[in-house]
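Residue-level listing of the chains:
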Amino acid sequence: EAAAGRDLEQMYVLVCVANMLLGGMSAIVNGPVQALFADSIETGKRSKLYNWLFVCYIVPTLLGPAVSIGYFSTQGDEWRLGLLRNLILLGLGLEIPVAILLCLFRDD
């Protein structure tokens, strides 16, 4: 049981480090991306596009919990590490198309 406790402790530390990296990445990426977005829009058209940007933030905020509810509804309402790992991997997989689109952005 002592080994299992150490394993859980290591996993917790890894989750904390991953969250710190995610927060750091968000801080680095969001600022320049927002500035580039604002500079890329003509002055009279910013309101409409900022509304679309807000929608693009809100929709994933709503879909994330909905996907989690659907996942646990189909897989059983048990918080086992294997199920949680798969749910996290699903969420990460859904980030791939977003990352690809971000890499394809050009400000011409």
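Below or above, wherever it landed, is the structure these notes cover.

Reading guide: rules and limits
Residues numbered from 1 in each chain as written. Predicted model: local features only at pLDDT ≥ 70, side-chain atom pairs only at ≥ 80, totals over all residues. Heavy atoms only, no water. Salt bridge = Lys/Arg side-chain N within 4 Å of Asp/Glu carboxyl O. Buried < 20%, exposed > 50% of the residue type's maximum accessible area, 1.4 Å probe, protein only. Axes fitted to C-alpha atoms, helices over the stretch in contact; angles between N-to-C directions. Helix = DSSP H or I, 4+ residues; strand = E, 2+ residues; numbered from the N terminus. Parallel < 35°, antiparallel > 145°, perpendicular 65-115°, else oblique. Contact = heavy atoms within 4.5 Å. Nonpolar A, V, L, I, M, F, W, Y, C, P; charged D, E, K, R; others polar. Left-handed = near helix turned anticlockwise from the far one by under 90°. Phe/Tyr/Trp six-rings, centres within 6.5 Å; stacked < 30°, edge-to-face > 60°.

With respect to the pattern of salt bridges
Right, so step 1: The tally for this structure, following the rule as stated, stands at 2 salt bridges.
Right, so step 2: Of the charged contacts in the structure, one is a salt bridge between Lys 45 and Glu 42, with a shortest N-O distance of 4.0 Å.
Right, so step 3: With a relative accessible area of 55%, Glu 42 lands in the exposed category.
Right, so step 4: A salt bridge links Arg 80 to Glu 78; its shortest N-O distance comes to 3.1 Å.
Right, so step 5: Arg 80 gets classed as partly exposed once you look at its relative accessible area, which sits at 45%.

Overview of the packing of helix H1 (residues 2-40) against helix H2 (residues 46-75)
Right, so step 1: Between H1 and H2, the shortest axis-to-axis distance is 11 Å and the interhelical angle comes to 150°. The angle between the axes of H1 and H2 places the two elements in the roughly antiparallel class. Between H1 and H2, the contacting residues are Asn 30, Gln 34, Phe 37 and Ala 38 on the first element and Arg 46, Leu 49, Tyr 50, Leu 53 and Tyr 57 on the second.
Right, so step 2: Tallied by class, the residues present in the contact of H1 with H2 amount to 6 nonpolar, 2 polar and 1 charged.

Focus on the packing of H2 against helix H3 (residues 81-104)
Right, so step 1: Interaxial distance between H2 and H3 falls to 11 Å at its minimum, and their mutual angle equals 145°. Handedness of the crossing formed by H2 with H3: right-handed. For the pair H2 and H3, the contacting residues are Val 67, Ser 68, Tyr 71, Phe 72 and Gln 75 in the first and Leu 83, Leu 84, Asn 86, Leu 87 and Leu 90 in the second.
Right, so step 2: Across the contact of H2 with H3, the residue classes tally to 7 nonpolar, 3 polar and no charged.

Brief notes about the packing of aromatic side chains
Right, so step 1: Counting across every chain of the model gives 3 aromatic pairs.
Right, so step 2: Plain terms: the ring middles of Tyr 71 and Phe 72 are 5.6 Å apart, the flat faces sit at 75° to each other, and that makes the pair edge-to-face.
Right, so step 3: On the basis of relative accessible area, Tyr 71 is assigned to the buried category, the value being 13%.
Right, so step 4: A network of ring pairs unites the aromatic residues Tyr 71, Phe 72 and Trp 79 as a single cluster.

These figures capture arrangement, not role.
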